[in-house]
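Letter by letter, the chains look like this.
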Amino acid sequence: MKSAQLPTPCYVVDEALIEKNLEILAGVMNRTGAKILLAQKAFSFYTLYPLIGRVLCGATASGLYEARLCAEEMAVPLAREGKKVENHIFSPAYREKDFEEILRYCEHIVFNSWRQVEKFGLRAKGAGKSIGLRINPECSTQETHAIYDPCAPGSRLGVTAENFRVRPDSGEDAISSDILSCLDGLHFHTLCEQNSDDLEKTLDAVEEQFGAYLPGMKWINFGGGHHITRADYDIPRLERCIRRMQEKYGLTVYLEPGEAVALNAGFLVTTVLETLHNGTDIAILDTSAACHMPDVLEMPYRPPLEGSGEPGEKAYTYRLSGPTCLAGDIIGEYSFEEPLKEGDRLVFEDMAIYSMVKNNTFNGMPLPAIVLRRKDGECVMVKEFGYEDFKGRLS
Ligand SMILES: *Cc1c(COP(=O)(O)O)cnc(C)c1O
């Protein structure tokens, strides 16, 4: 299939663009010895897990299902090629009924509190796993996206320096307890679409507050939110941050970006269903912000659209909106050289990340098909969805 023949709406993931991102990440790993994992929550396009796993060291999961997906779709195919990938997991709170299965898939397990380490960590340790604790360095480095700031006051994510020393659940001194000596690593995740200057600031805070414990650890995980594959990302500074932890404390450094793996590597193709006018020109598309690009409303952000301009920049400005009943199902204002008409195709860019993993069938909206554009430009239909996918999760 060629792009023009694709049914809409559909997500198109471009293999060559994913490879380009992977090459950049491989460069960081090769020059520094850091280990980079795919954070599946941003991009669970498992058709490409073998390709991703050949380059990266493995994947990280937010819970049992992602851990199993990595086991099935990355670890198994790569084991056949003789490569062992790492399967990591972090959850704010594990469930007893999931934990035995998690132990089967994951060899790195990160906990969010001392209580969780006590409940599950010692068991994991007994099963030969590498265990870590997520810390909160209380160092906010961005204000643009407050909902993505785990360092904000009252955060549930990560143990603060104060709670690291004295456990709030028991009032006991944590440092003197055996449980500290069980930890293999520390994990922090505080960034969102950020550059390495913010990582550097965060590392200063981590060292200031947790530096005393670092020599006792085997590894440190810098989390995600590193926009490494963005054109203006300062890679040499990232590599200095990695070396600092390696050289000063002898630590293995992990990074687990989601976005950076598939940044600018996917599209959402949509068709104009109708146009109308109410003080402003409006186009109704066959794709919905609420259902197919929820971060547009949640984050919020304005996705780039091929061939369009800012409102007023080109001759014809439209408010692009979805076909649901939600008044706020608006993707944004975009301008075009020509008036839009029924049947026109529009291509939203940077739609691989946090899209397929977050979509839903609100209003009975169909889910977009999933397409892979191979390196030769040929488009392969990976999956199509229908009525049964809507009905199947309701009763
Ligand atoms: C979200 C998340 C990531 C990935 O973040 P990106 O912004 O997609 O790079 C990595 N680790 C943890 C713990 C996360 O919550």
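Going by the annotation in an unreviewed UniProt entry, the name recorded for the protein is Carboxynorspermidine/carboxyspermidine decarboxylase, with Acetatifactor muris given as the source organism. Here the protein is described in UniProt, under the heading Cofactor (unreviewed entry), as follows: "pyridoxal 5'-phosphate".

Let's talk about the pairing of strand β15 (residues 369–373)
In terms of burial, β15 is a largely internal element, 5 of the 5 residues being buried. The alternating pattern of β15 places A369, V371 and R373 on one face and I370 and L372 on the opposite face, and all of these are buried. As paired strands, β15 and strand β16 (residues 379–383) are joined by 4 bridges and run antiparallel to one another. Note on β16: the bridge partner recorded for I370 is K383. Linking two consecutive strands that pair antiparallel, namely β15 and β16, is a turn of 5 residues; a positive phi of about 90° is found at G377 within it.

A closer look at the packing of aromatic side chains
The full count for this structure, using the stated rule, is 14 aromatic pairs. Measuring from ring centre to ring centre gives 5.8 Å for F43 and F45, while their planes differ by 20°; the resulting arrangement is stacked. The same class applies to F43 as to F45, namely buried. Aromatic side chains W219 and Y254 sit 6.0 Å apart centroid to centroid with 90° between the ring planes, which places their arrangement in the edge-to-face category. Placement of the pair is W219 in strand β8 (residues 219–221) and Y254 in strand β9 (residues 252–255), with a sequence separation of 35 residues. Residue class for Y254 comes out buried when judged on its relative accessible area of 3%. Here the aromatic residues Y94, F99, F111 and F120 are joined through ring pairs into a cluster of three or more. Directly above the ring of Y105 sits R104, whose terminal nitrogen or CZ lies 5.9 Å from the centroid.

Remarks on the domain arrangement of the protein
For the protein, the assigned domains are domain 1 (3–10 + 266–351 + 359–391) and domain 2 (33–262). Taking the mean C-alpha position of each, domain 1 and domain 2 sit 34 Å from one another. With 10 residues of domain 1 in contact, the opposing surface of domain 2 contributes 10 residues. The junction of domain 1 with domain 2 conceals about 710 Å² of combined surface from both sides, 60% of it contributed by carbon and sulfur atoms. Connecting domain 1 to domain 2 are 0 salt bridges. Mapped onto the side of domain 1 that touches domain 2, the elements with two or more residues apiece are α12 (295–298), β15 and β16. Sort the elements by how many residues they give to the side of domain 1 that touches domain 2 and β15 lands first, with 3 residues.

With respect to unusual backbone geometry
That bond from T8 to P9 is cis: its omega, -5°, falls within 30 degrees of zero. Along the chain, P9 falls in the segment before β1 (10–14). The residue after M299, namely P300, is reached through a cis peptide bond having omega -20°. Position of P300 among the secondary structure elements: in the loop between α12 and β12 (316–321). With a phi angle near 55°, E193 is a residue other than glycine that sits in the positive phi range. Take E193: it is sitting in the loop between β7 (185–187) and α8 (196–210). Judged by relative accessible area, which is 26%, E193 ranks as partly exposed. Even without a glycine there, the phi angle at N264 is positive, about 55°. Within the secondary structure, N264 is located in the loop between α10 (259–262) and β10 (266–277).

The rules behind the values
- Residues numbered from 1 in each chain as written.
- Predicted model: local features only at pLDDT ≥ 70, side-chain atom pairs only at ≥ 80, totals over all residues.
- Heavy atoms only, no water.
- UniProt positions renumbered as here; feature names shortened; annotations may be inferred.
- Buried < 20%, exposed > 50% of the residue type's maximum accessible area, 1.4 Å probe, protein only.
- Helix = DSSP H or I, 4+ residues; strand = E, 2+ residues; numbered from the N terminus.
- Pairing = 2+ DSSP bridges.
- Phe/Tyr/Trp six-rings, centres within 6.5 Å; stacked < 30°, edge-to-face > 60°.
- Lys NZ or Arg CZ within 6 Å of the ring centre and 35° of its normal.
- Domains from an automatic or database assignment.
- Contact = heavy atoms within 4.5 Å.
- Buried area = accessible area lost by both parts, 1.4 Å probe.
- Salt bridge = Lys/Arg side-chain N within 4 Å of Asp/Glu carboxyl O.

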